[in-house]
Structures are given as C-alpha cells and as structure tokens.
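What the coordinates show
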Amino acid sequence: QLQLVESGGGSAQPGGTLRLTCIASGHFFDYYSIAWFRQAPGKEREAVVCLRDIGGAIYYEDSVKGRFTTSRDNSKKTAYLQMKSLKPEDTAVYYCASGNYQCSPNRFDYDYWGQGTQVTVSS
C-alpha cells in the first residue's frame with residue numbers, strides 16, 4: 001500500500017506564502033504522478049496541479065498559475081506545493097493524491113490520498 005501524509009497548512013494573510021509538503025511511504029514509485037486537489041467549504045473537490053515524474057507541471061486551475069509551484073524529490077518520496085501571493089479564494093482543505101502514472105483532473109483516477117491540510121487566507 002501507499003500512504004500519503006500532508007503538512008504545512010495554516011493561516012496566512014492575503015499576499016502571503018505557504019509551502020505544503022506531501023510525504024509518501026510504502027509502495028510509492030517514481031513513475032507515479034503526484035496531484036494536488038483542494039476543497040473549499042460547500043464546494044466539490046477540484047484539481048489544482050499535477051506533476052509527473054518527468055515533465056512540467058500541469059495546471060488545472062487557472063487562478064493559481066504564476067502563484068503556485070509544485071516540485072518533487074523522489075529520493076525523499078516527497079512533493080511540495082509552494083503557494084505565494086495567496087488570496088482569500090485559496091482558502092480550502094488541500095490534498096495530495098497519487099497512485100497513477102498519469103495526471104488527471106478526475107479525483108477518481110487516484111487511489112491514494114493524504115488526510116488533507118487546512119489553508120486559510122484572511123485578513
């Protein structure tokens with residue numbers, strides 16, 4: 001099995017920066033993609049960005065382009081989501097997901113999920 005654990009959430013003011021970390025353990029493979037989703041109160045879970053083992057990030061949410069950057073360190077089985085210029089609309093529970101070599105905006109294409117970490121952006 002594959003387990004994912006997220007950390008790094010918290011509170012930030014508009015314009016601030018947070019970095020989320022996703023650490024994998026168990027049967028994680030370098031060829032797995034790692035995707036980030038978020039779910040705001042009263043809304044459905046939506047794909048934000050995804051990163052394959054090789055190639056650039058794929059962005060599914062236009063509002064984060066130029067502000068969010070994802071990266072990974074396979075030697076540490078760890079992925080990161082660097083979020084800068086945060087906006088109140090970024091407030092959500094953020095999840096990392098994996099278990100598929102492909103990137104996809106469909107949550108059902110991922111078999112493994114982190115527990116989620118809360119990000120709150122407000123004045």
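Position labels on residues start from 1 in each chain and follow its written sequence. Only residues with pLDDT of at least 70 are given local features in this predicted model, and only at 80 or more are side-chain atom pairs given and counted; all residues enter the totals for whole chains, interfaces and linings. Hydrogen atoms and water are omitted, and side-chain values are computed over all heavy atoms in the structure.

**With respect to a nonpolar patch on the surface**
Residues Phe29, Tyr31 and Tyr101 make up a contiguous nonpolar surface patch of roughly 340 Å² in combined accessible area. Comment: elements are numbered from the N terminus, with helices defined as DSSP H or I runs of at least four residues and strands as E runs of at least two. One can find tyrosine 101 in the loop between strand 9 (92-98) and strand 10 (112-113). The rule is simple: take the accessible area with a 1.4 Å probe, protein chains only, and divide by the maximum for that residue type; under 20% is buried, over 50% is exposed, in between is partly exposed. On the basis of relative accessible area, tyrosine 101 is assigned to the exposed category, the value being 53%. Two joining distances apply to patches: 9 Å for like charges and 5 Å for nonpolar side chains (Val, Leu, Ile, Met, Phe, Trp, Tyr), and every residue must have over 30% relative accessible area and no salt bridge. All accessible areas in this document rest on Shrake-Rupley with a 1.4 Å probe, and a residue is counted as covered only by the protein chains that are shown. A pairing counts as a salt bridge when a side-chain nitrogen of Lys or Arg comes within 4 Å of a carboxyl oxygen of Asp or Glu.

**Concerning the state of the cysteines**
Note on disulfides: each one is a pair of cysteine sulfur atoms within 2.5 Å. Evaluated as defined, the whole model comprises two disulfides. Through a disulfide, cysteine 22 is tied to cysteine 96; the S-S separation comes to 2.1 Å. Between cysteine 22 and cysteine 96, the S-S dihedral sits near 70 degrees, and the bridge is therefore right-handed. A residue pair is termed long-range when its members are at least 10 positions apart, and cysteine 22 in strand 3 (residues 18-26) and cysteine 96 in strand 9 qualify at 74 residues. For the residue pair cysteine 22 and cysteine 96, the accessibility class agrees, reading buried in each case. In the chain, numbering the disulfide-bonded cysteines from first to last in sequence yields the connectivity 1-3, 2-4.

**Here we look at the pattern of salt bridges**
It is possible for side chains bearing opposite charge to pair when their charged atoms get close. As enumerated under the stated definition, the model contains four salt bridges in all. Across the pair arginine 38 and glutamate 46 runs a salt bridge, and its minimum N-O distance is 3.0 Å. For arginine 38, a relative accessible area of 6% puts it in the buried group. Classification of glutamate 46 by relative accessible area gives partly exposed; the value is 31%. The salt bridge partner of lysine 65 is aspartate 62, with a shortest N-O separation of 3.2 Å. One salt-bridge network, in which partners are shared between bridges, spans Arg38, Glu46, Arg67 and Asp90.

**A word on the nonpolar core**
Side chains of nonpolar character tend, in soluble globular proteins, to be buried together. What we call a nonpolar core is a set of buried Ala, Val, Leu, Ile, Met, Phe, Trp, Tyr and Cys residues that are connected through their side-chain atoms within 4.5 Å. Phe68, Leu81, Met83 and Tyr94 are the most contacted members of the largest nonpolar core, which totals 25 residues. Of all the secondary-structure elements, those providing two or more residues to this core are strand 1 (2-7), strand 3, strand 4 (34-39), strand 5 (46-51), strand 8 (78-83), strand 9 and strand 11 (117-121). Looking at which element gives the most residues to this core, the answer is strand 3, with four residues. With near-sequence residues (within four places) excluded, phenylalanine 68 lies in contact with Arg38, Val48, Tyr59, Leu81, Gln82, Met83, Lys84, Leu86, Asp90 and Tyr94. In this description, contact between two residues means that some pair of their heavy atoms is separated by no more than 4.5 Å.

**Looking at unusual backbone geometry**
Phi angles above zero are rare outside glycine, and lysine 77 is one such case at about 50 degrees. Relative to the helices and strands, lysine 77 is located in the loop between strand 7 (68-73) and strand 8.

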